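# Working through the structure, step by step
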Amino acid sequence: DGGITQSPKYLFRKEGQNVTLSCEQNLNHDAMYWYRQDPGQGLRLIYYSQIVNDFQKGDIAEGYSVSREKKESFPLTVTSAQKNPTAFYLCASSLSPGQGIGYTFGSGTRLTVV
Amino acid sequence: QKEVEQDPGPLSVPEGAIVSLNCTYSNSAFQYFMWYRQYSRKGPELLMYTYSSGNKEDGRFTAQVDKSSKYISLFIRDSQPSDSATYLCAMSAGTGNQFYFGTGTSLTVIP
């Protein structure tokens, strides 16, 4: 079955550590996205990528970094510069602009700072 | 002002009730309107989408868009306990444009 796989499901980070969240899709979608979900704030866009080797900052990119070396993969690194990283992180993908509407989401990674 | 406003609830209804979920928005350029359902600790799944104004029906679900009022609704008929989830509205000016999400409304359907 096609879909998006996020791992790990739960992640714990110590103060000052960088952690990387994995996102893999086998839908042959060109565009991929990272969102952060906090209670009462909805989904906020961190980064997005429409083609391999290219990505753009979203609304809350500070303290995060991404790469897009393969079409299928869009990992997100939460750096120590992100002061409040505890949240639910969602990866999504979609067809190219003009070819469809709506995102397919992964099941999410819950990151907690300990 | 947020691009999209959505009452977070929580909303609690008895099984079989008709549920109305709503969002308002400020950007008149929005043309694509979507509803996502998100179960606890899961990613959102696309429920329905509508282009421009009008109604769209899919089984027990009806999506309505009123662009003149900048107001969208999702109606759930004969609500079931399995409908208990958070419902997020989302909208975009075009298929290549950024989506803007509401904060989500938490719905519980009581058996």
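Scroll up a little and you will see the structure.
### Some remarks on a nonpolar patch on the surface
Residues A:Tyr10, A:Phe12 and A:Val114 make up a contiguous nonpolar surface patch of roughly 340 Å² in combined accessible area. Residue position: A:Phe12 is located in strand 2 (residues 10–13).

### A word on the interface of chain B and chain A
Listed as interface residues are 19 residues of chain B and, on the opposing side, 23 residues of chain A. Together chain B and chain A conceal approximately 1,700 Å² of surface at their shared face, both sides included; 59% is due to carbon and sulfur atoms. At the surface where chain B touches chain A, the tally comes to zero salt bridges. In this assembly, chain B and chain A are joined by two residue pairs in polar contact (both at pLDDT 80 or more).

### Considerations on the sheet that holds strand 7 (residues 61–66) of chain B
All names here are of chain B. Sheet architecture is open: five strands sit in the order 1-3-8-7-6, paired in antiparallel fashion. At either margin of the open sheet sits one strand with a lone partner, and together these are strand 1 (4–6) and strand 6 (54–58). Taken pair by pair, the neighbouring strands of this sheet meet at an average axis angle of 15°, ignoring direction. Inspection of the sheet shows strand 6 paired to strand 7 by five bridges, in the antiparallel sense. Bridge pairing in strand 7 places Gly54 opposite Val65.

### A look at the nonpolar core
In this structure, B:Trp35, B:Ile72, B:Leu74, B:Tyr87 and B:Met91 are the most contacted members of the largest nonpolar core, which totals 24 residues. Elements with a minimum of two residues in this core: strand 3 (19–25), strand 4 (32–38), strand 5 (45–51), strand 7, strand 8 (71–76), strand 9 (85–92) and strand 11 (105–110) of chain B. If sequence neighbours within four positions are ignored, B:Leu74 has contacts with B:Val19, B:Ser20, B:Leu21, B:Trp35, B:Leu47, B:Met48, B:Phe61, B:Thr62, B:Ala63 and B:Tyr87. Counting 20 residues, the second largest nonpolar core, distinct from the first, contains A:Ile4, A:Tyr47, A:Tyr64 and A:Val78.

Cut-offs used in this document
Residues numbered from 1 in each chain as written. Chains lettered and ligands numbered in written order. Predicted model: local features only at pLDDT ≥ 70, side-chain atom pairs only at ≥ 80, totals over all residues. Heavy atoms only, no water. Patch = residues over 30% accessible without salt bridge, like charges linked within 9 Å, V, L, I, M, F, W, Y side chains within 5 Å. Areas by Shrake-Rupley, 256 points an atom, 1.4 Å probe, with all protein chains shown as cover. Salt bridge = Lys/Arg side-chain N within 4 Å of Asp/Glu carboxyl O. Helix = DSSP H or I, 4+ residues; strand = E, 2+ residues; numbered from the N terminus. Contact = heavy atoms within 4.5 Å. Buried area = accessible area lost by both parts, 1.4 Å probe. Polar contact = N/O pair within 3.5 Å; in protein donor to acceptor, adjacent residues only side chain to side chain. Pairing = 2+ DSSP bridges. Axes fitted to C-alpha atoms, helices over the stretch in contact; angles between N-to-C directions. Core = buried A, V, L, I, M, F, W, Y, C linked by side-chain atoms within 4.5 Å. Buried < 20%, exposed > 50% of the residue type's maximum accessible area, 1.4 Å probe, protein only.

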